[in-house]
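Breakdown of the fold
For reference, the chains in residue letters:
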Amino acid sequence: MKISSKEYERFSKQIILKKFGIIGQQKLKSSRVLILGMGGLGCPLSIYLASLGVGTIGIVDDDKVELSNLNRQIIYNINDLGKYKVNVAKVKIKKINNRLNVKSFKIRINKKNVEKLIKNFDIICDGTDNFETRLLVNDYSLKQKKILISAAVSGFDGHLFKFDFRKKTPCYRCFMPEIPENNINCDVEGVIPTITGIMGTLQANEVLNSILNFNSDLEKKMIIFNSIKMNFRTVSLGKNKNCRNKC
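In this report, the structure presented in the accompanying data block is examined. Computed from a prediction, not measured in an experiment: that's the story for all the values here.

1. So, the layout of surface pockets
- As a volume, the second largest pocket reaches approximately 220 Å³.
- Residues of the lining of the second largest pocket, tallied by class, amount to five nonpolar, two polar and six charged.

As structure tokens, this is what we get:
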């Protein structure tokens, strides 16, 4: 995909990187990334993907902006209260990169729409806040052999997974076979805004690694970040022989 002179100037600081170059920018421009959930993770994720020059970004959410969102969902402000998140986000990330193709979906993900929703995207970024949706997205990403980059936050901690289902790999269900009885999310445990920013940015970074075929060594692993101790732990993930996906 051709890079114009204005695009070259815009993205020149990343293009001059030896491992990046014009070819890397062309790969970004031709890539299609779907963001599930335009909350604390989806906001920084979408901003950085737009800034990098990803060609097509899909955003999915059926919620409206509430006052309690504003401490961490950095795309929105006080003037956006009561508006649909995807409508506001589409306008704002287009202002970051007006050549960006933004596809917005004002829907809640379920079994009836998930297969069609992810079909036309290369990389699926899960920033949803419940296990039911995470497992659903995992199952259909596996079925369609997508790259799935999933992040979650709770309190002062964040988690990041990557599954490249084009290869033989464990899936999210190997780690979390069924929906737990207690669905822990930020409404229950609380969350600090910096952790959502960090984890959403790490998701964006792993999207970049995936598009440019950089080996981040994240596959078959989970990263756990503790924002108080300021440390990262890496946990290896193995296949669960009892996983119902038989991955």
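Moving on from the coordinates now.
2. Examining the sheet that holds strand β8 (residues 231-236)
- The strand order across the open sheet formed by eight strands is β3-β2-β1-β4-β5-β6-β7-β8, and the pairing between neighbours is mixed. Two strands bound the open sheet, and with one partner strand each, they are β3 (101-105) and β8. Neighbour-to-neighbour, the strand axes of this sheet turn through a mean angle of 15 degrees, independent of strand direction.
- Pairing analysis gives five bridges linking strand β1 (residues 32-36) to strand β2 (residues 56-60), with the strands arranged parallel. In the strand pairing of β2, V33 is matched with I57.

3. Quick look at the packing of aromatic side chains
- In this structure the tally under the stated criterion is seven aromatic pairs.
- Centroid distance F163 to F165: 5.7 Å. Interplanar angle 5 degrees. Geometry classified as stacked.
- A relative accessible area of 1% means that F163 is categorised as buried.
- F165 sits in the buried class, given a relative accessible area of 3%.
- Seen in terms of ring centroids, Y172 and F175 are 6.1 Å apart; in terms of plane orientation they differ by 75 degrees. Their pairing is edge-to-face. Separated by three residues within a single helix, Y172 and F175 lie in helix α8 (residues 172-175), roughly one turn from each other.
- Of the aromatic side chains, those joined through ring pairs into one cluster are F161, F163, F165, Y172 and F175.
- One cation-aromatic arrangement involves R32 over F121; the distance from NZ or CZ to the ring centre is 5.3 Å.

4. Considerations on the environment of G190
- Following the sequence through the fold, G190 ends up in the loop between α9 (186-189) and α10 (193-211).
- Spatially, the C-alpha atoms of G190 and G155 are 5.3 Å apart, while their sequence positions differ by 35 residues.

5. Digging into unusual backbone geometry
- A positive phi angle is found at D217, which is not glycine, with a value near 65 degrees.
- Summarising the element assignment, D217 is placed in the loop between α10 and β7 (221-226).

Parameters and conventions
Residues numbered from 1 in each chain as written. Predicted model: local features only at pLDDT ≥ 70, side-chain atom pairs only at ≥ 80, totals over all residues. Heavy atoms only, no water. 1 Å grid on protein atoms, 1.4 Å probe; cavity = no way out; pocket = protein on both sides within 12 Å on 5 of 7 lines; lining within 4 Å. Points joined across faces, edges and corners; volume = space filled by probe spheres on them. Nonpolar A, V, L, I, M, F, W, Y, C, P; charged D, E, K, R; others polar. Pairing = 2+ DSSP bridges. Helix = DSSP H or I, 4+ residues; strand = E, 2+ residues; numbered from the N terminus. Axes fitted to C-alpha atoms, helices over the stretch in contact; angles between N-to-C directions. Phe/Tyr/Trp six-rings, centres within 6.5 Å; stacked < 30°, edge-to-face > 60°. Buried < 20%, exposed > 50% of the residue type's maximum accessible area, 1.4 Å probe, protein only. Lys NZ or Arg CZ within 6 Å of the ring centre and 35° of its normal.

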